Amino acid sequence: MKRLLLLSFLPVLLGVSCSVKEDRSECPALLHVSLERIPSVLRDVPLRLEVDAADGKFRWQADVLAEDGPVCLHVPRGPLRIDAVWESGSPSGVKAVLPPSGSEADSLFAYRALLDCRGESLADTVYLHKQWCRLTLRLLHAQMWENYQFEIIGNWNGFRLDTLEPLAGPLRIQPRKVWEDCYEARILRQGDDGLLLEVFGSDSGPKALASYPLGRMMREAGFSWTEEDLRDVILTLDPTRAVLEVEIAPWDESHPIGEITI
């Protein structure tokens, strides 16, 4: 595929024409955005790239493949913001991600940079960071769990793409069954340690038989929702002792997106 060179013509974009003898403070600068650090497993699906000026007078966005970089733009001088988003679903271009109620999150990777463009040119490199945590629930004595259901409850059900911050709202997710003794769920970045894991029996109705302070237990095990790349968590539930054990696992960059459909 041909390399993508995106150049905006100066008079059309900014209405400014400059010569070497004039004051160039109002002349546009050349921005180079490198995509060479995009992980190999994310390079076959376009990411949404957006460049905005702080004064709101310039905005550019496009869906680009990593192999199409570097992206080159003529931009106004002054503060700029670069946003890059990669989702397992098609990037929507909206400023927030809100999974449907009861659904787990997509595999979301995002990058944000604030730049001060004062010179003739400026360069930046996109580093996509993992904005979700994969919770794996392992059940000991799987035959004992046949008539039980699990639900993850939290206080943050969305994520702002322009600030990389969680959005407050009720979160309820039923982990999907992977094997007879294993469930999984993807959780977007949270704003507190309020996650709960609740266990329901077939005859218990809406009342949980057991509730575990999952967020607090994750924090005590060394997990933080403020990490740049969120790690994964493995939960082991033993019904014979009514004990939930928490293990923090580094995410695998060679296969980071889990079980998704693209």
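A quick note: this is a predicted structure, and the numbers were derived from the prediction, not measured.

Criteria and thresholds
- Residues numbered from 1 in each chain as written.
- Predicted model: local features only at pLDDT ≥ 70, side-chain atom pairs only at ≥ 80, totals over all residues.
- Heavy atoms only, no water.
- Pairing = 2+ DSSP bridges.
- Helix = DSSP H or I, 4+ residues; strand = E, 2+ residues; numbered from the N terminus.
- Axes fitted to C-alpha atoms, helices over the stretch in contact; angles between N-to-C directions.
- Buried < 20%, exposed > 50% of the residue type's maximum accessible area, 1.4 Å probe, protein only.
- Contact = heavy atoms within 4.5 Å.
- Core = buried A, V, L, I, M, F, W, Y, C linked by side-chain atoms within 4.5 Å.

**Let's talk about the sheet that holds strand β13 (residues 176-179)**
Okay, so step 1: Read from one edge of the open sheet, 5 strands run β13-β14-β10-β17-β18, paired in mixed fashion. The sheet terminates laterally at β13 and β18 (243-249), the two strands that pair on one side only. Taken pair by pair, the neighbouring strands of this sheet meet at an average axis angle of 25°, ignoring direction.
Okay, so step 2: Two strands pair when backbone bridges link them, and strand β17 (residues 232-238) and β18 are joined in this way by 7 bridges, in the antiparallel orientation. By the bridge assignment, D232 is partnered in β18 with A249.

**Focus on the side chain of E227**
Okay, so step 1: Inspection of the secondary structure puts E227 in the loop between α2 (214-220) and β17.
Okay, so step 2: By relative accessible area, E227 is classed as buried at 17%.
Okay, so step 3: Excluding anything up to four places from it in sequence, E227 contacts R189 and G222.

**Examining unusual backbone geometry**
Okay, so step 1: Note the cis peptide between G69 and P70, where omega equals 0°.
Okay, so step 2: Summarising the element assignment, P70 is placed in the loop between β3 (59-64) and β4 (71-75).
Okay, so step 3: Despite not being glycine, H141 has its phi angle at roughly 55°, a positive value.
Okay, so step 4: Structurally, the position occupied by H141 is in the loop between β10 (132-139) and β11 (148-160).
Okay, so step 5: Looking at H141, the relative accessible area reads 38%, which means it is partly exposed.
Okay, so step 6: Positive phi, normally seen in glycine, also occurs at L164, with a value near 55°.
Okay, so step 7: On the secondary structure map, L164 appears in the loop between β11 and β12 (165-173).

**Examining the nonpolar core**
Okay, so step 1: In terms of nonpolar packing, the biggest core is built from 38 residues, with L49, V126 and L128 touching the most fellow members.
Okay, so step 2: For this core, the elements supplying multiple residues, two or more each, are β1 (29-34), β2 (47-53), β3, β4, β5 (78-87) and β7 (108-117).
Okay, so step 3: Looking at this core element by element, the count peaks at 7 residues for β7.
Okay, so step 4: Among residues more than four places away in sequence, those in contact with V126 are V33, S34, L35, R37, I38, L49, A84 and Y111.
Okay, so step 5: Formed by 27 residues, the second largest nonpolar core is a distinct cluster that contains C133, L171, I173 and L235.

**Considering the sheet that holds β1**
Okay, so step 1: In spatial order, the strands read β4-β1-β8; together these 3 strands make up an open sheet with mixed pairing. Edge strands, defined here as strands with exactly one partner in the open sheet, are β4 and β8 (121-125). On average, each strand axis in the sheet is inclined to that of its neighbour by 20°, with strand direction left out of account.
Okay, so step 2: As paired strands, β1 and β8 are joined by 5 bridges and run parallel to one another. The partner of S34 across the bridge, within β8, is T125.

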